[in-house]
Amino acid sequence: MAQLNFGGSVENVVTRDEFPLSKAQEVLKNETVAIIGYGVQGPGQALNQKDNGINVIVGQRKSSKTWDKAVADGFVPGETLFEIEEALERGTIICYLLSDAAQIELWPTVKKHLTPGKALYFSHGFGITFNEQTGIVPPADVDVFLVAPKGSGTSLRRMFLQGRGLNSSYAIFQDATGKAYDRVVALGIAVGSGYLFETDFKKEVYSDLTGERGTLMGCIQGIFAAQYDVLRTNGHSPSEAFNETVEELTQSLMPLVAENGMDWMYANCSTTAQRGALDWWKKFRDATKPVFEELYNSVATGKESQRSIDSNSQPDYREKLDAELAELRESELWRAGKTVRSLRPENQPAEKEIEA
Ligand SMILES: NC(=O)C1=CN([C@@H]2O[C@H](COP(=O)(O)OP(=O)(O)OC[C@H]3O[C@@H](n4cnc5c(N)ncnc54)[C@H](O)[C@@H]3O)[C@@H](O)[C@H]2O)C=CC1
Ligand SMILES: CC(=O)[C@](C)(O)C(=O)O
Ligand SMILES: [Mg+2]
Ligand SMILES: [Mg+2]
């Protein structure tokens, strides 16, 4: 366990140095890891574990499209792919990777198979933290922990295949066997985490629900739309408005922030831009901070989790989500973006071979 200084606070971090894959394989060698749910996190975590030599099986509804996806990904019905209840029976570590809303419905079935010494694994603190809303209260004689990749399951898999790793948080809610730490860290490494930082179930879900409604997804779409609309209202073309709002950020500036921080990105822009950005960022901070405080309160009081449960438990939740995603896709901003993306050199058709 490394102790690193994060801006003045010392935190525990597990890196691959002190917990290499070989140690994770040793810890998990007598375990059967059952991945229940094959949506976004399920495939990433199952395939990375499979490639890392872990004894992993998948549990899904046979009638579902994701059963077929698991087969296409190489999981074999009756050998490494089972109906949910059989996977629960076979698994010694149950990875509960259904959607957070779906976890509620299936919980009575899962609980039946949590026999003493097994482990219940999540990738989100949602079900346990909001147990008054979810009803998810595990038996006392099983380990309960989480590994929450800080990113999409799609990126988890892509980065694994590139030899990289997404960072994840980990937390232990219940250590019935005395092995919970080794089990959770081994799983964190096996699913493809680059390193693991320590949290607890409540902190993970409060921060995650805030982040995805805030800078990671909700807020960023909001400020993109706001700036784009102001530019368009003032006569700028769709391409100019999109380039100045999104394309330059994703293609040029954010990679610089990712590489070496915000000040470095600023320093690699004009002094005109630096002066302006340094003058305006606090105004945007002050204007949005009240919204973030309202958001955090909505998370902490359980309003956001209840909203998610009510909405995503509806039979037609997927259709409704897809309809709202289509609204985004069909907006002028993102239709302009589709054309801008098509112009990227890497998206141009291969040059015709010039005939000799
Ligand atoms: N999507 C992501 O990349 C991330 C997800 N997480 C967490 O990982 C867990 C899984 O998330 P996702 O993979 O996004 O889930 P998801 O929303 O993709 O759903 C996973 C699977 O649950 C199945 N499902 C839905 N309703 C069901 C039902 N009633 N009965 C049986 N199966 C049902 C879906 O068909 C899907 O295959 C959640 O706790 C989530 O918060 C954590 C980090 C990132
Ligand atoms: C990808 C991720 O970390 C999110 C946004 O929290 C999620 O998908 O729930
Ligand atoms: Mg997240
Ligand atoms: Mg999330």
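Residues numbered from 1 in each chain as written. Chains lettered and ligands numbered in written order. Predicted model: local features only at pLDDT ≥ 70, side-chain atom pairs only at ≥ 80, totals over all residues. Heavy atoms only, no water.

Once that is clear, we can look at the environment of Ala 46. Relative to the helices and strands, Ala 46 is located in helix H2 (residues 41-51). Along the sequence, Ala 46 and Ile 220 sit 174 residues apart, while their C-alpha atoms lie 30 Å from each other. Excluding anything up to four places from it in sequence, Ala 46 contacts Ile 35, Tyr 38, Val 56, Val 58 and Phe 75. (Helix = DSSP H or I, 4+ residues; strand = E, 2+ residues; numbered from the N terminus. Contact = heavy atoms within 4.5 Å.)

Looking now at the nonpolar core. Of all hydrophobic cores here, the largest spans 33 residues; its most connected members are Val 58, Phe 75, Ile 93 and Tyr 121. Of all elements in the fold, only strand S3 (33-36), H2, strand S4 (56-59), helix H3 (65-72), strand S6 (93-96), strand S7 (119-122), strand S8 (143-149) and helix H9 (180-190) reach the threshold of two or more residues within this core. The dominant element in this core, judged by the number of residues it contributes, is H9, at seven residues. (Core = buried A, V, L, I, M, F, W, Y, C linked by side-chain atoms within 4.5 Å. Buried < 20%, exposed > 50% of the residue type's maximum accessible area, 1.4 Å probe, protein only.)

This part is about the pairing of S4. Of the two faces of S4, both are covered, the one formed by Val 56 and Val 58 as well as the one formed by Ile 57 and Gly 59. The pairing of S3 with S4 spans four bridges and is parallel. Each residue of the ladder has a partner; that of Ala 34, found in S4, is Ile 57. Pairing between S4 and strand S5 (residues 81-82): two bridges, direction parallel. (Pairing = 2+ DSSP bridges.)

So, about the domain arrangement of the protein. Assigned domains of the protein: these are domain 1 (2-199) and domain 2 (214-345). In this structure, domain 1 and domain 2 have C-alpha centres spaced 30 Å apart. Contacts between the two partners involve six residues from domain 1 and, on the opposite side, eight residues from domain 2. Between domain 1 and domain 2, the buried area comes to about 570 Å², and carbon and sulfur atoms account for 67% of it. The largest contributions to the domain 1 side of the interface with domain 2 come from Ala 101, Phe 130 and Gln 133, which together make up 67% of the buried area. (Domains from an automatic or database assignment. Buried area = accessible area lost by both parts, 1.4 Å probe.)

What surrounds ligand 2 is the set Gly 151, Ser 152, Asp 208, Glu 212 and Met 217. Asp 208 places a polar side-chain atom, nitrogen or oxygen, 2.9 Å from an oxygen atom of ligand 2. In the model, an oxygen atom of ligand 2 is placed 2.7 Å from a nitrogen or oxygen of the Glu 212 side chain. If ligand 2 stood free it would expose 260 Å²; the protein chains cover 62% of that surface. Classifying every residue of the shell around ligand 2 gives one nonpolar, two polar and two charged. (Near = heavy atom within 4 Å. Polar contact = N/O pair within 3.5 Å; in protein donor to acceptor, adjacent residues only side chain to side chain. Areas by Shrake-Rupley, 256 points an atom, 1.4 Å probe, with all protein chains shown as cover. Nonpolar A, V, L, I, M, F, W, Y, C, P; charged D, E, K, R; others polar.)

For the rest of this paragraph, the subject is the site of ligand 1. Around ligand 1 there are 21 residues in total, and Val 40, Gln 41, Asp 100, Glu 105 and Gly 153 lie nearest to it. For ligand 1, an oxygen atom lies 3.5 Å from a polar atom in the backbone of Gly 39. Residues that form the shell around ligand 1 fall into these classes: seven nonpolar, 11 polar and three charged.

This paragraph deals with the pattern of salt bridges. In total, this model carries 16 salt bridges according to the counting rule given. The salt bridge involving Arg 213 is made with Glu 212; its shortest N-O contact spans 2.8 Å. The partly exposed category is assigned to Arg 213, whose relative accessible area is 27%. Since its relative accessible area comes to 26%, Glu 212 is described here as partly exposed. In this structure, Arg 275 and Asp 279 form a salt bridge, with 2.6 Å as the shortest nitrogen-oxygen distance. With Arg 275 and Asp 279 both in helix H14 (residues 271-300), this residue pair falls four residues apart, about one helical turn. Take Arg 275: its relative accessible area is 47%, and that puts it in the partly exposed class. Here Asp 279 falls in the partly exposed class, since its relative accessible area comes to 46%. Among the charged side chains, a network of salt bridges with common partners joins Glu 31, Asp 143 and Arg 183. (Salt bridge = Lys/Arg side-chain N within 4 Å of Asp/Glu carboxyl O.)

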